[in-house]
Amino acid sequence: MMEKTPYSVLADELFPADLPAPEQLERTYPPRALPEGAAVTRFAPSPTGYLHIGHLLGAFVDRLLASQSGGVFLLRMEDTDKKREVEDGVTGLVNDMRAFGIAVDEGVTGPGEEKGEYEPYTQSQRKEIYHTYARVMTERGLAYPCFCSSGDLDELRASQENEGVNKGYYGKWARCRDLPLEEQIERLRAGEPYTLRLRSPGDASRKIVVRDLIRGKLELPEYDMDVVLLKASGIPTYHFAHAVDDHLMRVTHVVRSDEWLASLPLHAQLFHLLGFQPPKYAHIAPMMKLDPETGGKRKLSKRKDPESAVGALVRAGYPNAALHEYLLTLLNSSFEDWRRANPGAPLPEFPFSLKKMSASGALFDPVKLEDVSKNVISRMRSSQVYDLALAWARAYDPELAALLTRDPDYAGAMLAIDRDGAKGKPRKDLARWSQLREAYAYFFDELFEASPKSASNSGILSAYIDVYRAEDDKDSWFAGIKSICEPLGYCPEVKAYKADPAPWKGHVGDVSGAVRLAVTGRENTPDLWAIMRVLGEKRVLERLKAGMENAI
Ligand code: GLU
């Protein structure tokens, strides 16, 4: 038998003998059989309930990297900090991811539900795994029990403040670092509460070099604090847990917010001490917004900017394709040129590159999002608009959903106006499905609002009723409008009118405008002939007559 070292005696005291051995874990979670260069990425949120667009940017990049390289994207729940957790937090996150259209290949799929062979993907269920490595660290003299109470630590911080030195557990401040073995064992046996701390070999006067895929080469001071690896409850801290998880889940690329840059030296040290190959890192700058009060740029905030919550964007009815496209405009400045050159190309064909990402924060600009979304919807076929708008309406506007499904052919014909390869410019009046109700209101009697202004047009409307033929093609329809112009004192040609307006009450545009106002209640619409075709004879006549009656 191997001789026991003081460290192994301590490890025996701290951990049960039957923990899985690291070699066994290596076998249970073997390197993945993936093509060369395949990226394994993970999104690792705490279950705080909902995502905002900043988180999503990271998860979106994770998905892109994995998809582009034939790799795997997994969702891991980092629930070691119970203070941050909210009720139904997992459901909120999973739903937001799903609603936003980011599919995960592996990991958490719902509360208590997971898929994938590298399970469990929820940190609170991996305690034994972390303890295996905590034990290894202890055996190697790289971890020790610390008996300092929170009161002791408060005192320590106060003294450090007085002396004006860095705060933390290190150097002469690390009281429990060099306790004699006998004392450690005695206090453990007496049942004193303890945390397990890293015995950091770092020296802050030395530098480490880490490459970040966005920021390039970073020179950072070595980490020298004895951070907590296991809390008094035996639950690991995020730093320790994520290193173990990223290794055993065979993660190759860590994409995360740049607030973690400060912890990178610690993470590098942990990977090194654990004997793990570190992943490649891409630290993303936080998303910014223009503050409406100050006009200046500031970080997008969960608290102050509820409109940036993914749930709010989905509820507003931005199609996922538009949200994805918008994120790409933020991620790579070359995206918009690519889109112009490849108007119909599917997004996955865009050659996304981390290198082209900016190290400064992208600006979340709702106006730009609206614009991108209008373009995206304008490129959709009417059947797709119908399906997506209906799915949205079913969740958020059941009355609209009922109208859309009452006569699907009618709704389809309505949505096809100025779409489906229409000549000229496709219509761009929808950026969100929540705008559909208003934009298409006049197609539904329940939503149609007659204009009181029709009152003044009764002469035109009554003349038009006589020439209106529902089956007319566009030319005959227009000829019909023109035919009533002169008798009513309107010039049938706009040009002629402009040249000499004096003899006329107005021109053909005013006549068609009167018809438009009566049948749609609006002064501006897409192609009126097409609208009237869809509305159908009965409805058009009703509205023309109602317009006249209003006049009386
Ligand atoms: N759980 C960490 C967070 O809440 C994840 C950090 C990381 O991706 O490494 O942001």
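Residues numbered from 1 in each chain as written. Predicted model: local features only at pLDDT ≥ 70, side-chain atom pairs only at ≥ 80, totals over all residues. Heavy atoms only, no water.

A.B. asks: Explain the sheet that holds strand S6 (residues 195-198) to me, using residue names and the numbers behind them.
C.D. replies: Taken in spatial order, the three strands make up an open sheet running S5-S6-S9, and their pairing is antiparallel. Across the chains shown, the open sheet's two edge strands, defined by having one partner strand only, are strand S5 (143-146) and strand S9 (228-230). The mean angle between the axes of side-by-side strands here comes to 45 degrees, regardless of whether they run parallel or antiparallel. Pairing of S6 with S9 involves two bridges; the strand directions are antiparallel. By the bridge assignment for S9, Leu196 is matched with Leu230. (Pairing = 2+ DSSP bridges. Helix = DSSP H or I, 4+ residues; strand = E, 2+ residues; numbered from the N terminus. Axes fitted to C-alpha atoms, helices over the stretch in contact; angles between N-to-C directions.)

A.B. asks: So what's going on with the environment of Pro366? Which residues, and what values?
C.D. replies: With respect to the helices and strands, the residue Pro366 is situated in helix H13 (residues 366-378). Note on Pro366: relative accessible area 43%, which makes it partly exposed. (Buried < 20%, exposed > 50% of the residue type's maximum accessible area, 1.4 Å probe, protein only.)

A.B. asks: Any chance you could break down the pattern of salt bridges for me, citing the residues and the numbers?
C.D. replies: Under the definition given, this model contains 41 salt bridges. Between Arg135 and Asp12 there is a salt bridge, with the nearest N and O atoms lying 2.5 Å from each other. With Arg135 in helix H5 (residues 127-139) and Asp12 in helix H1 (residues 6-14), this pair connects stretches of sequence that are 123 residues apart. Judged by its relative accessible area of 14%, Arg135 falls in the buried class. A relative accessible area of 31% means that Asp12 is categorised as partly exposed. In this structure, the salt-bridge partner of Arg187 is Glu183, at a minimum N-O distance of 2.9 Å. Taken together, the residues span about one helical turn, with Arg187 and Glu183 both in helix H7 (residues 181-189) at a distance of four residues. Residue classification places Glu183 among the partly exposed positions, given a relative accessible area of 29%. Residues joined in a network through salt bridges with shared partners are Arg42, Arg76, Glu78, Arg126, Asp245 and Asp246. (Salt bridge = Lys/Arg side-chain N within 4 Å of Asp/Glu carboxyl O.)

A.B. asks: Lay out helix H22 (residues 508-520) in plain terms, naming residues and giving numbers.
C.D. replies: Its 13 residues place the ends of H22 18 Å apart at the C-alpha level, agreeing with the 18 Å of an ideal helix rising 1.5 Å per residue. Here H22 lies mainly inside the structure; ten of its 13 residues are buried. Listed as buried for H22 are Val508, Val511, Ser512, Ala514, Val515, Arg516, Leu517, Ala518, Val519 and Thr520. Directly beyond the C-terminal end of H22, a positive phi value near 75 degrees is found at Gly521. (Expected span 1.5 Å × (residues − 1).)

A.B. asks: Would you mind going over the pairing of S5 in detail, with residue names and values included?
C.D. replies: Consecutive side chains of a regular strand alternate in pointing toward one face of the sheet and then the other. By the alternation rule, side chains of S5 split into Ala143 and Pro145 and Tyr144 and Cys146, which are all buried. Of the pairings in the sheet, the one linking S5 to S6 comprises four bridges and is antiparallel in character. Residue Pro145 lies in a different strand from S6, and its bridge partner there is Leu196.

A.B. asks: With reference to specific residues and values, describe the site of the ligand.
C.D. replies: Around the ligand, the structure places Arg42, Ala44, Ser46, Glu78, Arg84, Tyr238, Arg256 and Trp260. Between the ligand and Arg42 there is a distance of 2.7 Å, counted from an oxygen atom to a side-chain nitrogen or oxygen. Within the side chain of Ser46, one N or O atom sits 3.4 Å away from an oxygen atom of the ligand. Within the complex, 87% of the 290 Å² of free accessible area of the ligand lies under protein. A class-by-class count of the residues in the shell around the ligand yields three nonpolar, one polar and four charged. (Near = heavy atom within 4 Å. Polar contact = N/O pair within 3.5 Å; in protein donor to acceptor, adjacent residues only side chain to side chain. Areas by Shrake-Rupley, 256 points an atom, 1.4 Å probe, with all protein chains shown as cover. Nonpolar A, V, L, I, M, F, W, Y, C, P; charged D, E, K, R; others polar.)

A.B. asks: Let's hear about the nonpolar core: which residues, and what values?
C.D. replies: Residues Met137, Phe240, Phe352, Leu436 and Phe443 are the most contacted members of the largest nonpolar core, which totals 165 residues. Per element, the largest residue contribution to this core is nine residues, and it comes from helix H3 (residues 53-69). Apart from residues lying up to four places away in sequence, Phe443 is in contact with Tyr410, Met414, Ile417, Ile531, Val534, Leu535 and Arg539. (Core = buried A, V, L, I, M, F, W, Y, C linked by side-chain atoms within 4.5 Å. Contact = heavy atoms within 4.5 Å.)

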